[in-house]
Amino acid sequence: WGDVMVESNTAGVVVVGVQSGQGHDVVGVAAAVAERFSARLVCVVVDPALLSAGVRADGSEIIEPIDPDTADSDPQQLPDEDMRVIRDLAAARSVDVDFVSRVGDPSHALAAVAEERDAVMIVVGSQAGRRRIAELLTGSVAAHLTHQQHRPILVVPHDPVGATVLLPSEAP
């Protein structure tokens, strides 16, 4: 019979939670992981100020603001400059990148995208400043993810003390 090799037509996926201004930290690491796994990078931007209120008959999502005094129900998007930085980081590693916008709880949204795409891993960043204090009170996205789904979670420190990270363009 001989050896039989089965090839997959679908490359793996690495899901990464992205916030504005985080391109170099979290996405740089996620792109390196995606390169290592020969995977596609799926950047997920989550707007926690909005909630999904169900699905219309045509299949489109009903999105409502958490604050009833807010009229804006358009999910937050990444600025063009951040998207350019992310595309450059992915291109430097020869990794394909997709952008996905979601609403609601970030840990639920990341877990849902990871499940939909059958991700090999979820990459998130740690928080800084006021957000770090909020993490202590409410728990981090990473901690919530470890209890909500079965995929490995990689937490990338934000501006760790004493660490110097070179971007691919700055490497010697």
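None of these values were measured; they are calculated from a predicted model. (Residues numbered from 1 in each chain as written. Predicted model: local features only at pLDDT ≥ 70, side-chain atom pairs only at ≥ 80, totals over all residues. Heavy atoms only, no water.)

A. Unusual backbone geometry, seen in detail. At Ser94, a position not held by glycine, the phi torsion is positive, near 55°. Following the sequence through the fold, Ser94 ends up in the loop between helix 2 (80–92) and strand 5 (97–103). Its identity is not glycine, yet Asp118 carries a phi of approximately 50°, on the positive side. With respect to the helices, strands and loops of the structure, Asp118 is situated in the loop between helix 3 (106–117) and strand 6 (121–125). (Helix = DSSP H or I, 4+ residues; strand = E, 2+ residues; numbered from the N terminus.)

B. Focus on helix 3. Taking 1.5 Å of rise per residue, the twelve residues of helix 3 would be expected to cover 16 Å, and the 16 Å separating its terminal C-alpha atoms lies within 8% of that figure. Among the residues of helix 3, those classed as buried are Ser107, Ala109, Leu110, Ala111, Val113 and Ala114. Phi for Asp118, located one or two positions after helix 3, is positive at around 50°. (Expected span 1.5 Å × (residues − 1). Buried < 20%, exposed > 50% of the residue type's maximum accessible area, 1.4 Å probe, protein only.)

C. Summary view of the pattern of salt bridges. This model, assessed by the stated rule, comprises nine salt bridges. Across the pair Arg93 and Glu35 runs a salt bridge, and its minimum N-O distance is 2.9 Å. With Arg93 in the loop between helix 2 and strand 5 and Glu35 in helix 1 (residues 23–36), this pair connects stretches of sequence that are 58 residues apart. Arg93 sits in the partly exposed class, given a relative accessible area of 29%. The shortest N-O distance in the salt bridge between Glu81 and Arg84 comes to 2.6 Å. One end of the pair is Glu81 and the other is Arg84, both in helix 2 and three residues apart, which spans about a single turn. (Salt bridge = Lys/Arg side-chain N within 4 Å of Asp/Glu carboxyl O.)

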